[in-house]
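A closer look at the structure
Residues per chain, in single letters:
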Amino acid sequence: MYRPMVAASFPSALPSIEGFTMSMPSSASASPPRRSAAQHDEDLLRRIGVQPVLARRMTGFGNFAISFSIISILSGCMTLFGYGMGTGGPAVMIWGWIGVGALVLLVGLGLAEVTSAYPTAGALFFMAEKLGGTRGRAWSWVTGWLNLLGLLGAIAGIDYGAAQFTGALIALRSTFTPTKYSTLGIYAVILLLHALLNLFGVRVLDLFNRVSVIWHLAGVTLIAAVLVLVPKQHQSVSFVFTHYVNTTGFHSSLYVSAIGLLLAGYTFCGYDASAHLSEETEHAAVAAPRGIIRAIWMSWIAGAVLIAGMLYAVRYYADEAGAPVPPAAIFNDALGSSWAQALLAVVIIAQLCCGLAATGSASRMVFAFSRNGSMPGSGLWRRTNRHKVPVNAVWLAIIAAFVLALPSLWNPTAYNAVVAINIIGITPAYAIPIWLRVRAGSSFTPGEWSLGRFGRPIGIAAVSWVAIETVLFCLPQSQPMWSWTHFNYAPVALIAVLLLAAALWPRWGRGAGDATTAALEADKFSDIPVI
């Protein structure tokens, strides 16, 4: 429901970061009706130059839930658990999680403030255009393509990880032995499932995301409790917090610890989904920024519990770290096959919810970028069906995600590169609008959710961390670093996308129409069922 300006009370206790004070003017004796709130949301969009097209049916909780689902500690932490076990081991995994979580919270705060001012499906690239001044179009262009690369990498990383875990579960229940081809086949089926579910509208996404929040929190609690209470043998507390392991082939512990932050960096991605779904969220100027912050701090706490619980239950470190799916090996060794199957099922369902949410976020990004005339074939990608869903954008996102995972057929470390693509694409896209807001200074007009005087220092700290993180995840991850089977092709993908953006700029960048005109044109197709 619509209420007036929200002021940030900061610093404050972590759980209250998203719970800013809201006040009603003295003349208001009652909350406005739902229609007034909806009208307020649409009027805000028109004021910033966007014609409403998408159906606004998502609640504030649903908006938080989609970001929480995409962060998905049961996806990010679990799929890269084996990577973390070899790049610094428990010490880097647990302390890296705590440190990176704090830095990501600063990025989230900066992004939340700008989201409140520009609550649109275009999100990051739209913010960059509005804040970039005379070069706003160029800032928007780079931001949009980086964001798109990151979101497509997110779908690939999440769903391919789910395919690996699904293969491990089937192997525990039968004589099936997963191969790179069978894993790719399972991956294709998961992508197809997520595409089909995304075609039924935002209410379906909202429902799954609500279930996902409960499932993740209950799942982490269950896994941690079982791993602590059931096994008869455990590692020491000292092992969990101080044990260091390096199997990368690099000799510098500082370097290995730095690249070991990939586990936390990858998991803490995707919270821009709250911004991308803001056009479909009620009272988005407050609900979307709150969704971003709440998703980060809840994931931060729950993830620390999950990682500590997993490390506490490790039995045969080297064997489990080298297994095809290390968490499955840890479950099986510590608990036996029955418990292992049950916990793997919990993880897989969480990963499927995560991938569904990521597909929804990426498709909205494609839709919004096309609505702005910024993609070849924009008229096709921005069309919506009778459910007000950008169907063609969904299929484009799914196909692109499948292509990103194809190198897994010949490069055993390709999954780590896909994960790195997600980070080096999406986090710079977060930083650009935050930096432009810092540069704008007092000329920036905040929305209903504001950091006040803390906006500038938080923004500078956030951008600094993103710059460091982007460099870290472009670095080689294992030796021999120039070998075809160990090469980190994430920076190659980044360069390729930037070159593509540069090549397309003269036709679709500089010459694209404004967002309002494109949205009005897109609305002509809003009732055409594409499937």
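Another point: the overall build of the chain. Counting its regular elements, the chain contains 23 helices and five strands. Residue pairs in contact within the chain that sit at least 24 positions apart in sequence constitute 84% of those at least 6 positions apart. In the form shown here, the chain has an accessible surface area of approximately 19,400 Å², with 66% of it arising from carbon and sulfur atoms.

To continue, consider a nonpolar patch on the surface. On the surface, a cluster of nonpolar side chains totalling about 410 Å² of accessible area is made up of L207, F208, V211, W215 and I349. According to the relative accessible area criterion, L207 is exposed, its value standing at 52%.

Attention shifts here to the pattern of salt bridges. Within the structure shown, the criterion is met by two salt bridges. R137 is the partner of E129 in a salt bridge, and the nearest nitrogen-oxygen pair spans 3.6 Å. Taking relative accessible area as the criterion, E129 reaches 25% and is therefore assigned partly exposed. Assessed through its relative accessible area of 16%, R137 is described here as buried.

Okay, the confidence of the model for the chain next. Residues at a pLDDT of 70 or more form 85% of the chain, whose mean pLDDT is 83. Scored below 50 in pLDDT, residues 1–32 shows 60 contacts in the model against residues more than four places distant or in partner chains. The low-confidence segment residues 515–531 (pLDDT under 50) makes 39 contacts with residues lying over four places distant or belonging to another chain.

Moving on, we get to unusual backbone geometry. Trans is the common state for peptide bonds, and a negative phi is the common state for residues other than glycine. Even without being glycine, S72 reaches a positive phi, approximately 40 degrees. Backbone geometry at H283 places phi at a positive 50 degrees, although glycine is not the residue there. Among the structural elements, H283 can be located in the loop between helix 13 (273–276) and helix 14 (284–312). Of the residues examined, H283 reaches a relative accessible area of 6% and is grouped as buried.

It is the contact of helix 5 (residues 89–117) with helix 6 (residues 123–131), at a shortest axis distance of 10 Å, that shows an interaxial angle of 75 degrees. On the basis of the axis angle, helix 5 is roughly perpendicular to helix 6. Contacts between helix 5 and helix 6 involve L111, V114 and T115 from the first element and L124, M127 and L131 from the second. Across the contact of helix 5 with helix 6, the residue classes tally to five nonpolar, one polar and no charged.

So, about the environment of L193. Residue position: L193 is located in helix 8 (residues 180–198). We classify L193 as partly exposed; its relative accessible area is 40%. As for L193 and L352, which are separated by 159 residues in sequence, their C-alpha atoms are 9.2 Å apart.

Attention now moves to the packing of helix 7 (residues 136–173) against helix 19 (residues 391–405). One way to put it is that helix 7 packs onto helix 19 with a least axis distance of 8 Å and a crossing angle of 65 degrees. With respect to each other, helix 7 and helix 19 are oriented roughly perpendicular. Once helix 7 is placed against helix 19, the crossing between them reads as right-handed. Along its contact with helix 7, which presents L152, G153, I155, A156 and Y160, the element helix 19 presents A397, A400, A401, L404 and A405. A per-class count over the contact of helix 7 with helix 19 returns nine nonpolar, one polar and no charged.

Cut-offs used in this document
Residues numbered from 1 in each chain as written. Predicted model: local features only at pLDDT ≥ 70, side-chain atom pairs only at ≥ 80, totals over all residues. Heavy atoms only, no water. Helix = DSSP H or I, 4+ residues; strand = E, 2+ residues; numbered from the N terminus. Contact = heavy atoms within 4.5 Å. Areas by Shrake-Rupley, 256 points an atom, 1.4 Å probe, with all protein chains shown as cover. Patch = residues over 30% accessible without salt bridge, like charges linked within 9 Å, V, L, I, M, F, W, Y side chains within 5 Å. Salt bridge = Lys/Arg side-chain N within 4 Å of Asp/Glu carboxyl O. Buried < 20%, exposed > 50% of the residue type's maximum accessible area, 1.4 Å probe, protein only. pLDDT = per-residue confidence, 0-100. Axes fitted to C-alpha atoms, helices over the stretch in contact; angles between N-to-C directions. Parallel < 35°, antiparallel > 145°, perpendicular 65-115°, else oblique. Nonpolar A, V, L, I, M, F, W, Y, C, P; charged D, E, K, R; others polar. Left-handed = near helix turned anticlockwise from the far one by under 90°.

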